[in-house]
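Each chain, written out:
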Amino acid sequence: MTAVRLQGLTKRFGSAIAVDSVDLSIESGEFVVLVGPSGSGKTTCLRMIAGLEAVTSGSIFIGDRDVANIHAKDRDVAMVFQSYALYPHMTVAENLGFALKLRKIPLDEIQRRVNEVAKILGITPELPRKPKTLSGGQQQRVALGRAIVRDPAVFLFDEPLSNLDAKLRVAMRVELVKLHHRLEGTMIYVTHDQVEAMTMADRIVVMHEGRIQQIGAPLAVYDNPENVFVAGFIGSPTMNLLSGELKRRSDRFSFKTGDLELDLPLSHDAAHSGSVTLGVRPEFVSIQPSDDAATLDARIEAVEHLGAETILEMSTAGPPLTARIARNDSIRHGDSIRVGAEHSKILAFDADSGKRLRA
Ligand code: ATP
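What comes next is a walk through the structure.

Rules of the game
Residues numbered from 1 in each chain as written. Predicted model: local features only at pLDDT ≥ 70, side-chain atom pairs only at ≥ 80, totals over all residues. Heavy atoms only, no water. Buried < 20%, exposed > 50% of the residue type's maximum accessible area, 1.4 Å probe, protein only. Helix = DSSP H or I, 4+ residues; strand = E, 2+ residues; numbered from the N terminus. Pairing = 2+ DSSP bridges. Right-handed = clockwise from strand over helix to strand, strands pointing away. Near = heavy atom within 4 Å. Polar contact = N/O pair within 3.5 Å; in protein donor to acceptor, adjacent residues only side chain to side chain. Areas by Shrake-Rupley, 256 points an atom, 1.4 Å probe, with all protein chains shown as cover. Nonpolar A, V, L, I, M, F, W, Y, C, P; charged D, E, K, R; others polar.

1. Remarks on the pairing of strand 12 (residues 253–257)
Judged by how many residues are buried, strand 12 sits mostly within the fold: four of five residues are covered. Two elements, strand 11 (residues 240–248) and strand 12, share four bridges in a ladder whose sense is antiparallel. Directly across from Glu 245, in strand 12, lies its bridge partner Lys 256. Remark: four residues form the turn of the hairpin made by strand 11 and strand 12, two consecutive strands paired antiparallel. Pairing of strand 12 with strand 13 (residues 260–264) involves five bridges; the strand directions are antiparallel. Residue pairing for strand 13: Ser 254 is matched across the bridge by Asp 263.

Spelled out as structure tokens, the structure:
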């Protein structure tokens, strides 16, 4: 297997900068997901690694070789696209074997590898069929199979599941993770879907405006977002973000946003007077706040029952709040309640730079 290293990778389209000096080391056999909103530069990054987009500046090491100026076909990478890009006039077997045929691999070897990959992906019965007769999920498996059969140094995935319906997407997510364990391949996967990123990646790379915002294991990024962008982007329902002013009192800090005032201990991460954004994950907003919590009055505006969990949308004297609590059958729209979040669960960000503040 092969490591990948991006160094100062940059792409400009005219005066617009799509990828801005990206540095990233991917270990051999690692599953890394580039995640970010539309236009954050993920696809351009992937296409540069694949050799489908010329690099403006920087290096792309695949193993020890800088491939930035090497032709796509000589990079030993295989890419799976959102549109499956199957050849409509070929059978599934011919689609799977096509790249090997181009490489003049002997026919019996092609057959052996095609059969093996079809078995791994559970599409053996589909081998004689044409793509248009297959379901979306089956077509996606064929597209995956075409990459696997080549046994590339690096797999590149560009939103490969986004054309599937929600249920199939979840199933394919699990299959891809299992496939990764089985193949132990280096995989770079692009998605705008943070749930996909969180559930599949060894490490996620959060991108915004062409720049890497944070790199880390999914839960590490979830627990410790380095800036307000990552805090708001990762997690569903999204983190409650409250922008306001902190004032130091003698024995505490007072945070004010709209008509809402919260007390924070002097030791809190937000211990800077001035403009800050406080962040609280919905699961840390409690309807039975402990003594060690910042509390406030709220009114229930909407109750969403998800089965095991209940999501509460609330209005307050300041911005609205979302809470994610264990199933609750009694809470109703219009109820007035007191909610709170433990001080240690309230993150703080600088209002200007968006950077995380720590005590
Ligand atoms: P999406 O999820 O929508 O594909 P993305 O994060 O993958 O978004 P990119 O497709 O990499 O983002 O685009 C990054 C920026 O580069 C965007 O502002 C986009 O408009 C611009 N861009 C991408 N390709 C081109 C191109 N061929 N010509 C001009 N601008 C481009």
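2. Thoughts on the pairing of strand 7 (residues 154–158)
Here strand 7 lies mainly inside the structure; five of its five residues are buried. Where burial is concerned, the two faces of strand 7 agree: the one with Val 154, Leu 156 and Asp 158 and the one with Phe 155 and Phe 157 are both buried. Where strand 6 (residues 77–80) lies against strand 7, four bridges are found, and the strand directions are parallel. Its bridge partner lying in strand 7, Val 80 is registered against Phe 157. Looking at chain direction, strand 7 and strand 8 (residues 186–191) are connected through five bridges and run parallel. Within strand 8, the position partnered with Val 154 by the bridge is Thr 186. Following the chain from strand 7 across helix 5 (residues 166–183) to the adjacent parallel strand 8, one finds a crossover that is right-handed.

3. As for the site of the ligand
Taken together, Phe 13, Ala 18, Pro 37, Ser 38, Gly 39, Ser 40, Gly 41, Lys 42, Thr 43, Thr 44 and Glu 159 make up the full set of residues adjacent to the ligand. Contacts to the ligand include Lys 42, whose side-chain N or O atom sits 2.8 Å from an oxygen atom. Measuring from an oxygen atom of the ligand, one finds a side-chain N or O atom of Thr 44 at 2.5 Å. Considered on its own, the ligand offers 630 Å² of accessible surface; in the complex 55% of this is hidden by protein. Per-element accounting of the shell around the ligand gives the leading share, three residues, to helix 1 (residues 42–50). Among the residues making up the shell around the ligand, the classes are represented as three nonpolar, six polar and two charged.

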